[in-house]
Amino acid sequence: MGTRAISNSAGRLAFADLLRGLAALIVVLGHFTILFLTHPDVVATISAGEPSFKVNLSPFLDQLNDLFNVASIGVAVFFLISGFVIPLSLEGTDVRAYFLKRLLRIFPTYWIALAMGTAAIFISATFWSKPIPHDGLGLFTNVFLGANALGRPDILSVAWTLQIEIKFYLLAPFIYLALKRRTIVPVLLCGLAIAGVFWNATVLCDNVHIACWDHYRFGARMLWFDCMFIIYMLIGSVFYALYRRLIPTWQGIAGIIFLFACYQVAVSTTPLPFITLDRRLPYIWGLIVFAGTFLVREKVSLTRPFRFVADISYSLYLIHPLIGYVTMRLLIYAGLPYVAAFAVALPLVIAIASAMHFYAEAPLIALGKRLSILWFGGKKRDKLPIPEIAPTQAFQGN
């Protein structure tokens, strides 16, 4: 592909596309390097294999990884992009059409990735003479993105974010309605309510432990755990309000600070305390990266390689863990050094993600648009302020 810049007037938000492409890459690189090398036991559990060699980072690199966990930063950026873009996808759209497009946008591509990931687990388990780690109920709950609510493991290991996204999609029409009325008060109250539930769960405990949540039913505990990240996604929706000039700048800044404080309260009282650091510092960096790029959005343009990575980002995010881990592990067992195994696995997952995007994901997005017009008709676009740059797709975008 060439490197000719893509104009901002091409109907895409270049800054969001740039971020989602980079976020997808750093998630893949973080998993294929730091996670694969330093936590081979985790990789083995996910992929039903035998652990590979373990690399012990120096104290300096270990602290650097704690400070800049690139994979978690990428996920944080994805959440903010979704919070920003989903209100855009509701503009001028019947709510029924919105849900139809969300359904066709998310599930078929996810099902393809789930089928391929399950096949990779079967190959790995057979090769290493391991039992298949997932039963029928686990597979069923994963198919409908309900594994977390029922306490079943996430087969792909990255679909936990989709389970959160689904909940945000259900909330988004109400958020959009509030923002269209030029108020962020309901958005702030939503963040405050979630943070309040987390605080209430642990206020009488001597230390933060999942036992503190026993007065909530199990399903409710997991629901509220997901909602912790919805607070963070709401920050993206405040950026949307700023982008559409629905609220004053000072109000947007205050809202972002308030919601991030609510998120920090929730993280500090999470029922799973061992993830606190992993969900705190990277999400600070994710907000800094998103806000910084948002501020210079008019100066951002895309080259064709970055547009390509942005297009395949959803498929790449879903497909890379199991296909990549199993491929690298088997190649290393066959005698290849890690660097060579990495050099094979990375192009392989990019190629598979490309095929998934061009032959399944993109046609289904187009189908969703056609069906929404056919079944629900067109709708006059809301009279909102016209921003400097036209709306776009983003990670899991319209």
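Everything quoted here is computed from the prediction, not taken from an experiment.

Once that is clear, we can look at the overall build of the protein chain. Each helix and strand counted, the protein chain has 13 helices and zero strands in total. Secondary structure of the protein chain in N-to-C order comes out as α-α-α-α-α-α-α-α-α-α-α-α-α. When burial is assessed residue by residue, the protein chain has 54% of its 398 residues classed as buried. In the protein chain, once contacts between residues fewer than 6 apart in sequence are set aside, the share between residues at least 24 apart is 82%.

Overall, the coordinates contain eight salt bridges when judged by the stated rule. Where Asp17 meets Arg20, a salt bridge forms, and the shortest distance between an N and an O atom there is 2.8 Å. You can see Asp17 and its partner Arg20 sitting in helix α1 (residues 14-38), three residues apart, about one turn around the helix. Measuring nitrogen to oxygen at the nearest pair gives 2.9 Å for the salt bridge that ties Glu50 to Lys130. Remark: Lys130 occurs in the loop between α5 (95-127) and α6 (136-143) and Glu50 occurs in the loop between α2 (40-47) and α3 (59-67); sequence separation between them is 80 residues. We classify Lys130 as partly exposed; its relative accessible area is 32%. Linked by salt bridges that have partners in common, Asp17, Arg20 and Asp311 make up one network.

Peptide bonds are, in most cases, trans, and in most cases residues other than glycine have a negative phi. Here the phi dihedral of Leu145 falls at roughly 55 degrees; this positive angle occurs in a residue that is not glycine. Within the secondary structure, Leu145 is located in the loop between α6 and α7 (160-180). The phi torsion at Arg245 lies on the positive side, around 60 degrees, for a residue other than glycine. Looking at where Arg245 falls in the secondary structure, it is placed in the loop between α9 (218-243) and α10 (249-268). Relative accessible area serves as the criterion here: at 47%, Arg245 is assigned to the partly exposed category.

For the rest of this paragraph, the subject is the packing of α2 against helix α12 (residues 304-333). The N-to-C vectors of α2 and α12 enclose an angle of 110 degrees; their axes lie 10 Å apart at closest approach. Viewed along their axes, α2 and α12 adopt a mutual orientation that is roughly perpendicular. With respect to the hand of their crossing, α2 and α12 are arranged in left-handed fashion. In contact with Val43, Ile46 and Ser47 of α2, α12 contributes Leu322, Tyr325 and Val326.

The next thing to look at is the packing of aromatic side chains. The tally for this structure, following the rule as stated, stands at 32 aromatic pairs. Among the aromatic residues, those joined into a cluster by ring pairs are Phe79, Trp160, Phe229, Tyr232, Phe260, Tyr263 and Tyr283. Of note, Arg102 hangs over the ring of Tyr169, and the distance from its end group to the ring centre comes to 5.2 Å. The ring of Phe294 has Arg297 lying over it, and the distance from NZ or CZ to the ring centre is 4.1 Å.

Of the residues in the protein chain, 84% have a pLDDT of 70 or more, and the chain-wide mean is 86. Here residues 1-11 scores under 50 on pLDDT; set against residues more than four positions off or in separate chains, the count is 26 contacts. Low confidence marks residues 386-398, where pLDDT is under 50. Its contacts with residues over four positions away, or in another chain, come to 64 contacts.

Two quantities define a packed helix pair, namely the angle between the helix axes and the distance between the axes. Taken N-terminus to C-terminus, the directions of α5 and α7 make an angle of 175 degrees; their axes are 11 Å apart at the nearest point. As judged from the angle between their axes, α5 and α7 are roughly antiparallel. The segment α5 lies against α7, with Val95, Tyr98, Phe99, Arg102, Ile106, Phe107 and Tyr110 engaging Leu162, Ile166, Tyr169, Leu170, Ala172 and Pro173. When its residues are assigned to classes, the contact of α5 with α7 shows twelve nonpolar, no polar and one charged.

Under the definition given, this model contains zero disulfides. There is no disulfide at Cys190, and the cysteine sulfur nearest it, in Cys227, is 7.5 Å away. What makes Cys190 buried here is its relative accessible area of 19%. With no disulfide of its own, Cys262 has Cys190 as its nearest cysteine by sulfur position, at a separation of 9.6 Å.

Ranked by internal contacts, the top residues of the largest apolar core, which has 112 residues, are Phe15, Phe84, Tyr110, Tyr232, Ile235, Tyr263 and Met328. Of all the elements, α9 adds the most residues to this core, at 16 residues. Sequence-distant contacts of Tyr232, defined by excluding residues within four places in its chain, comprise Ala76, Phe79, Leu80, Phe260, Tyr263, Tyr283, Gly286 and Leu287.

Another aspect to go through is the environment of Thr270. Here Thr270 shows up in the loop between α10 and α11 (281-295). Note: C-alpha distance between Thr270 and Ala201 (69 residues apart in sequence) is 8.9 Å.

What counts and what doesn't
Throughout, a residue's number is its position along its own chain's written sequence, starting from 1. Only residues with pLDDT of 70 or above have their local features reported here, since the model is predicted, and side-chain atom pairs are shown and tallied only from 80 upward, although totals for entire chains, interfaces and linings are computed over all residues. The side-chain numbers reported here are obtained from all heavy atoms of the structure, hydrogens and water having been left aside. Think of it this way: any DSSP run of H or I at least four residues long counts as a helix, any run of E at least two long counts as a strand, and we number them from the N terminus. Only protein chains enter the area calculation, which uses a 1.4 Å probe; residues under 20% of their type maximum are buried, those over 50% are exposed, and those in between are partly exposed. Contact criterion: two residues are considered in contact whenever any of their non-hydrogen atoms come within 4.5 Å of each other. Each salt bridge in this description consists of a side-chain nitrogen of Lys or Arg and a carboxyl oxygen of Asp or Glu lying within 4 Å of one another. Convention adopted: a line fitted to C-alpha atoms gives each axis, helices being fitted over their contacting stretch, and angles between N-to-C directions are expressed from 0 to 180 degrees. Orientation categories follow fixed angle ranges, with anything under 35 degrees roughly parallel, anything over 145 roughly antiparallel, 65 to 115 roughly perpendicular, and all other angles oblique. Crossings are assigned a handedness: left-handed for a near helix turned anticlockwise from the far helix by less than a right angle, right-handed for a clockwise turn. We call Phe, Tyr and Trp rings a pair once their centres come within 6.5 Å, taking the six-membered ring for Trp, and we label the pair stacked below 30 degrees between planes, edge-to-face above 60, and tilted otherwise. Only when the NZ of Lys or the CZ of Arg is both within 6 Å of the ring centre and within 35 degrees of the ring normal is a charge said to sit over the ring. On a range of 0 to 100, pLDDT expresses the predictor's confidence in each residue. Put simply, Ala, Val, Leu, Ile, Met, Phe, Trp, Tyr, Cys and Pro go in the nonpolar bin, Asp, Glu, Lys and Arg in the charged bin, and everything else, Gly too, in the polar bin. Cysteine sulfur pairs qualify as disulfides if the two atoms are within 2.5 Å. The criterion is simple. A nonpolar core is a set of buried Ala, Val, Leu, Ile, Met, Phe, Trp, Tyr and Cys residues joined through side-chain atoms within 4.5 Å.

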